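A closer look at the structure
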Amino acid sequence: MLWHLTFGIEIGLDALVSPTHLLLLTGGALLLTCPLRAAATTANNRWSAVISLAGATSLASFFLSYISVSADPGARAPLVTLPEDLPEHRAAELPVIAGLAEYLVCTVLLVAPVLYLRRRSLLPPGSVAILVSAVAIPAAILSQLVFITPAMAAVAGGSLVDLILTMRPKLPDALLASLVPALMWTGQLFGLASSGQLRWPPQLWAGVVVLTACWPQRSRGCSPRLHLRLLLATTVSPRCSDRKTYQL
């Protein structure tokens, strides 16, 4: 309350990044993950762990809704190409750059929980679809169901991952981390295309599937916490003509 009295009440994007609201996010995540932490110590109640982590992931996704693929798919923005020597070159590509960042962030948001549950033997069949649903469906509701078709197609991709895990329960973690974004984003992009909303050329939509599917191969054997750092380390500079590797 003191924060709001001093700086005012947030009513836009600032509400999602306000320190007081981020503190509420932390408290909510700790509360939602109580069943998860209890199940992790006993390796029992797998569904309680899945639902608990799905709730926390959904909460985190809400606070990241400004870069959510399901709330406002970046692949709807057409690629505008201008000569690099023009001042408007970077501004013209910013919507697509933001769209690529959406896919990278949302990939980490979903792959990390899957790997966490898998490495603690808390990933029953159907878990991937539940985690994807917890992120995609609420985000689609925020957009007044305008993007519900791509969201449901992404859930279908998660269900395919569950089916593969049922047939291959000993699938390596690195391969699982590649399958999740590959099938999920393929489904989501197919849903966008089927509803006439996909504006990216094949180089972009196919490239984002390959990019998000291949980065886990560099992090084989690492803990889920390191996947975000390794993903950021392979991100290119916002200037398309100035590619570099970021040092973390």
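Above: the structure in question.
Computed from a prediction, not measured in an experiment: that's the story for all the values here. Think of each chain on its own: its residues are numbered from 1, step by step along the sequence as written. Totals for whole chains, interfaces and linings use every residue, but because this is a predicted model, local features are given only for residues with pLDDT of at least 70 and side-chain atom pairs only at 80 or more, for both listing and counting. Note that water and hydrogens are dropped before the side-chain values are worked out from all heavy atoms of the structure.

**A closer look at the environment of P95**
- Here P95 shows up in helix α6 (residues 89–119).
- The spacing of P95 and G74 is 21 residues in sequence and 7.1 Å in space, taken between C-alpha atoms. For the purposes of this entry, the term helix denotes a DSSP run of H or I that reaches at least four residues, the term strand denotes a run of E that reaches at least two, and both are numbered from the N terminus.

**Re the nonpolar core**
- For the purposes of this section, nonpolar cores are sets of buried Ala, Val, Leu, Ile, Met, Phe, Trp, Tyr and Cys residues that join through side-chain atoms within 4.5 Å. Burial classification: accessible surface area is computed with a 1.4 Å probe over protein chains only, and a residue below 20% of its type maximum counts as buried, one above 50% as exposed, and the rest as partly exposed. Residues Y103, L117, V132, L176 and V180 are the most contacted members of the largest nonpolar core, which totals 48 residues.
- Among the elements that line this core, the one with the most residues is α6, at 10 residues.
- Every residue in contact with Y103, bar those within four places of it in the chain, is listed here: V69, A75, W185, Q188, L189, L192, W200, V208 and T212. Throughout, a residue-residue contact means that at least one pair of heavy atoms, one from each residue, lies within 4.5 Å.

**Some words on helix α3 (residues 19–32)**
- The first and last C-alpha atoms of α3 sit 20 Å apart over 14 residues, in line with the 20 Å expected at 1.5 Å per residue.
- The complete set of buried residues in α3 reads H21, L25 and G28. Considered in projection along α3, the buried side chains sweep an arc of 70° and stay on one side of the axis. Given a helix with a known number of residues, its expected span is that number minus one, times 1.5 Å. The arc in question is the one traced by the directions running from the helix axis out to the C-beta atoms.

**What about the packing of helix α5 (residues 46–63) against helix α7 (residues 127–142)?**
- Fitted lines through C-alpha atoms give the axes, limited to the stretch in contact for helices. The angle between two N-to-C directions lies from 0 to 180 degrees. Between α5 and α7, the least distance of the axes is 9 Å, while the angle of their chain directions is 30°. As far as their axial angle goes, α7 and α5 are roughly parallel. The interaxial crossing formed by α5 with α7 has right-handed handedness. The residues of α7 that touch α5, namely those facing W47, V50, L53, A54, T57, S58, S61 and F62, are S127, I130, L131, A134, V135, P138 and L142. Any angle that is under 35 degrees is reported as roughly parallel, and any over 145 degrees as roughly antiparallel; angles of 65 to 115 degrees are reported as roughly perpendicular and all others as oblique. Here is the rule for handedness: rotate from the far helix to the near one, and if that takes an anticlockwise turn smaller than a right angle the crossing is left-handed, while a clockwise turn gives right-handed.

**Topic: the packing of helix α4 (residues 34–42) against α5**
- Between α4 and α5, the least distance of the axes is 7 Å, while the angle of their chain directions is 145°. Remark: the crossing between α4 and α5 carries left-handed chirality. Each of C34, P35, L36 and A39 in α4 lies in contact with α5, whose residues at this interface are S48, A49, S52 and L53.
- Throughout, the ten residues Ala, Val, Leu, Ile, Met, Phe, Trp, Tyr, Cys and Pro are labelled nonpolar, Asp, Glu, Lys and Arg are labelled charged, and all others, Gly among them, are labelled polar. When its residues are assigned to classes, the contact of α4 with α5 shows 6 nonpolar, 2 polar and no charged.

**Some words on the pattern of salt bridges**
- What counts as a salt bridge is simple: a side-chain nitrogen of Lys or Arg found within 4 Å of a carboxyl oxygen of Asp or Glu. Within the structure shown, the criterion is met by 3 salt bridges.
- The partner of R118 in a salt bridge is D173, and the shortest N-O contact between them spans 3.6 Å. You can see R118 sitting in helix α6 and its partner D173 sitting in helix α9 (residues 173–194), a full 55 residues away along the chain.
- Judged by relative accessible area, R118 falls into the buried class, the value being 17%.
- Judged by its relative accessible area of 23%, D173 falls in the partly exposed class.
- Across the salt bridge formed by R119 and D173, the nearest N and O atoms sit 3.0 Å from each other. A residue pair is termed long-range when its members are at least 10 positions apart, and R119 in helix α6 and D173 in helix α9 qualify at 54 residues.
- A residue is classified by how much of its surface remains accessible, and R119, at 32% relative accessible area, is partly exposed.
- Each of R118, R119 and D173 takes part in one network of salt bridges that share partners.

**Re the side chain of T33**
- Locating T33 in the fold gives a position in the loop between α3 and α4.
- N or O atoms closer than or at 3.5 Å make up a polar contact, with two conditions inside protein: a donor-capable atom paired with an acceptor-capable one, and, for residues adjacent in sequence, both atoms drawn from side chains. Among the polar contacts made by the side chain of T33, one reaches the side chain of R37 at a distance of 2.7 Å.
- In this view, T33 contacts S52 and A56; residues no more than four positions away in its chain are not counted.

**Details of the packing of aromatic side chains**
- Planes of paired rings set the category: under 30 degrees apart is stacked, over 60 is edge-to-face and the rest tilted, where pairs are Phe, Tyr or Trp rings (Trp by its six-membered ring) whose centres lie within 6.5 Å. Enumeration according to the criterion identifies 3 aromatic pairs in this entry.
- Considering the side-chain rings of F62 and F63, the 5.7 Å spacing of their centres and the 90° angle between planes classify their relative orientation as edge-to-face.
- The partly exposed category is assigned to F62, whose relative accessible area is 39%.
- With relative accessibility at 11%, the residue F63 sits in the buried group.
- With a centroid separation of 5.0 Å and an interplanar angle of 85°, the aromatic rings of Y103 and W185 are classed as edge-to-face. Linking Y103 in helix α6 with W185 in helix α9, this pair joins segments that are 82 residues apart in sequence. Of the two residues examined, Y103 and W185, each falls in the buried class.
- One aromatic cluster is present, formed by Y103, W185 and W200 through successive ring pairs.

**A look at the environment of L109**
- One can find L109 in helix α6.
- On the basis of relative accessible area, L109 is assigned to the buried category, the value being 15%.
- It is 8.2 Å that separates the C-alpha atoms of L109 and A60, two residues lying 49 residues apart in sequence.
- Excluding residues that lie within four positions of it along the chain, L109 makes contacts with T57, A60, S61, L64 and V135.

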